[in-house]
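The chain contents come next:
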Amino acid sequence: MTADQEKKQAALEAVKYIKNNMVVGLGTGSTAKHMIEAVGKLVADGMNLTCVPSSIATEKLAKELGIKIVALDAIDKIDVTIDGADEFDGKFQLIKGGGGALLREKILAWNTKFNIIIADSSKDVNKLGAFKLPVEVIPFATKQILTYLEAEGLQPLQRMQGDASYRTDENNTILDIDISGIDDLQGLEIQLLKVPGIVETGLFLDTTSLIIVGKEGGPEVKERN
Ligand SMILES: O=C[C@H](O)[C@H](O)[C@H](O)COP(=O)(O)O
């Protein structure tokens, strides 16, 4: 099975958790794209869903598929959010934000009753950190925060788009840092979020209820203990 087939298999399994009249959070990325297309089919088949997108790209795709989109402040709580991840470990800790959507994704996850992560099998790791952790930073503070993260040994790299610094949907920059040597992820999260100008990190430590992994022979559904 290719990674993309695994992503699609996980996505199709995940949409089975969506029921009529639910408010659904739509993630971002190549795995989430399969899920959004499947949600589009549910809607085309007559299911009544209200969806909250986690990025401009997701909103555009959802609208093209005829999915009803509302802003987060138009609803109270999201019933279920389905999103991808860059890495996850056995404690249901995630790195997200490879596609730059970490801030809105984390806001959606926080405001969701039941968060499902969908992934291909390459995302399943023993220890987070082979993937660089995205840290979203206000442009005004980017240079100083880069210097701070360097001094902390986190080897920050400013994400670029061509010759310019990459900008998120919120017009912030991203610094990708190396956390492969860090064991205390909660401590790191607290440390980073204390720095003025760091808006959010791609560490999702305790929001996920279910992880669905695409696999040869059928999807693996992992429940949080
Ligand atoms: O910012 C992007 C998101 O966090 C994605 O869900 C994550 O990067 C995984 O993306 P993909 O499904 O394309 O591997």
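Since the structure is predicted, the reported quantities are computational estimates derived from the model, not experimental observations.

### Some thoughts on the sheet that holds strand β8 (residues 157-158)
Then step 1. Strand order in the open sheet formed by four strands is β8-β11-β7-β12, and the pairing between neighbours is antiparallel. This sheet does not close on itself; its edge strands, each paired only once, are β8 and β12 (198-201).
Then step 2. One ladder, built from two bridges, connects β8 with strand β11 (residues 173-177); its direction is antiparallel. In the sheet register, Q158 faces β11, and the bridge partner there is L175.

### Regarding the nonpolar core
Most often, soluble globular proteins have nonpolar side chains that are buried together.
Then step 1. Counting residues in hydrophobic clusters, the biggest one holds 50 residues, and the most contacted among them are A14, M35, V39 and I118.
Then step 2. Counting contributing residues per domain, this core is built from domain 1 (3-123 + 205-216) and domain 2 (133-201), each supplying no fewer than three.
Then step 3. Setting aside residues up to four positions removed in sequence, I118 forms contacts with K7, A10, A11, A14, T31, M35, I82, G84 and I212.

### Brief notes about the sheet that holds strand β5 (residues 94-95)
Then step 1. Reading across from one edge, β4-β5-β13 is the order of the three strands in this open sheet, with antiparallel pairing throughout. The open sheet has two edge strands, β4 (87-88) and β13 (203-204), and neither has a second partner.
Then step 2. As judged from the two bridges shared by β5 and β13, these two strands associate in the antiparallel manner. Bridging across to β13, I95 finds its partner in L203.

### Brief notes about the domain arrangement of the protein
Then step 1. Here the protein is partitioned into domain 1 (3-123 + 205-216) and domain 2 (133-201).
Then step 2. Between domain 1 and domain 2, the C-alpha centre-to-centre distance is 24 Å.
Then step 3. Residue-level contacts link 13 residues of domain 1 with 13 residues of domain 2.
Then step 4. For the side of domain 1 that touches domain 2, the element with the most residues is helix α4 (residues 102-110), which contributes four residues.

Rules used throughout
Residues numbered from 1 in each chain as written. Predicted model: local features only at pLDDT ≥ 70, side-chain atom pairs only at ≥ 80, totals over all residues. Pairing = 2+ DSSP bridges. Helix = DSSP H or I, 4+ residues; strand = E, 2+ residues; numbered from the N terminus. Core = buried A, V, L, I, M, F, W, Y, C linked by C-beta atoms within 7 Å. Buried ≥ 20, exposed ≤ 12 C-beta atoms within 10 Å, placed from the backbone. Domains from an automatic or database assignment. Contact = placed C-beta atoms within 7 Å.

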